[in-house]
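# Commentary on secondary and tertiary structure
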Amino acid sequence: MNRIGWTFLGIFALVGGLVALLVDFGGTSAPPIRAFADAPIGLAAPPPSGQLVLPVRGVGWPGIRDSFGEARAGGERHHTGVDIMAPAGAPVVAAASGTVEKLYYSNGGGGVTAYVRSPDRRLSYYYAHLAAYAPTLHEGGVVRAGDPIGAVGDSGNAGAGNFHLHFGIERVEPGEPWYRGRAINPYPLLARGRAER
Ligand SMILES: [Zn+2]
């Protein structure tokens, strides 16, 4: 084949690859909504308004799957969020705006965690297994979507070296404290942002 022939072959391969990519992407319909068995309030309730930001910078969708509700600790409990695998120290940012309600350390649980309450006080965004908080983060402070929360770590029960962000969304009544939330599946809400981006 001559040079022009090769060029055309190259272009064909490129276009074919792009088409395959688009078809594959287009074929990925919205993930199934799976309610957390123990949560009385599921996704039947109205979802948070606005768009969620992917709470780890530099991470793409291929690394994120819906693990909400999966059995953990040999079935003793169920997974109440989505794990976003990321390199140690990757920037964790606020998925949505709110007020930093609690910075909490739980050795056997989420490790270094942050709870951010939505402006209407009906949702709590939960960031766990952090290595550290962002210097700007403090209880009572306001964060906007995309603002720094901290850095990806393996604190708490993540398992040494299993660096990821555990991101959760919990429903709370406006008068309830930060530790009384009922988990809902963040995955479809994150994925909604993906579809519209
Ligand atoms: Zn998790």
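Here the structure is a predicted model, which is why all the values come from computation and not from measurement.

A word on the overall build of the protein chain. Helix and strand counts for the protein chain stand at two helices and eleven strands. Its helices and strands taken in sequence order, the protein chain reads α-β-β-β-β-β-β-β-β-β-β-β-α from the N to the C terminus. Residues classed as buried in the protein chain amount to 34% of the 197 residues present. If you take every contact in the protein chain between residues at least 6 apart in sequence, the share linking residues at least 24 apart comes to 66%.

Bringing unusual backbone geometry into the picture now. Here Ala73, not a glycine, exhibits a phi torsion of approximately 50°, which is positive. Among the structural elements, Ala73 can be located in the loop between strand 1 (71–72) and strand 2 (77–78). We classify Ala73 as exposed; it has 9 C-beta atoms within 10 Å.

Quick look at the pairing of strand 6 (residues 111–117) now. Strand 6 sits mainly inside the fold: seven of its seven residues count as buried. Where strand 5 (residues 98–106) meets strand 6, seven bridges bridge the pair, whose relative direction is antiparallel. If you follow Lys102 over to strand 6, its bridge partner there is Tyr115. Linking two consecutive strands that pair antiparallel, namely strand 5 and strand 6, is a turn of four residues. Here five bridges tie strand 6 to strand 7 (residues 123–133), and the two strands are oriented antiparallel to one another. Across the sheet, the residue bridging to Tyr115 is Tyr126, located in strand 7. The loop that links strand 6 with its antiparallel partner strand 7 comprises five residues; one of these, Arg121, has a positive phi angle of about 65°.

Time to look at the environment of Phe68. For Phe68, the location among the structural elements is in the loop between helix 1 (3–27) and strand 1. Counting along the chain gives 116 residues from Phe68 to Ile184, while the straight-line C-alpha distance between them is 8.4 Å.

On to the pairing of strand 10 (residues 164–171). If a strand is regular, its side chains alternate between the two faces of the sheet. Among the eight residues that make up strand 10, eight are buried, leaving the element largely enclosed by the rest of the structure. A two-sided burial pattern is seen for strand 10, the buried positions comprising His164, His166, Gly168 and Glu170 on one face and Leu165, Phe167, Ile169 and Arg171 on the other. Across four bridges, the pairing between strand 3 (residues 82–85) and strand 10 is antiparallel. Of the residues in strand 10, the one forming a bridge with Val82 is Phe167.

Reading guide: rules and limits
Residues numbered from 1 in each chain as written. Predicted model: local features only at pLDDT ≥ 70, side-chain atom pairs only at ≥ 80, totals over all residues. Helix = DSSP H or I, 4+ residues; strand = E, 2+ residues; numbered from the N terminus. Buried ≥ 20, exposed ≤ 12 C-beta atoms within 10 Å, placed from the backbone. Contact = placed C-beta atoms within 7 Å. Pairing = 2+ DSSP bridges.

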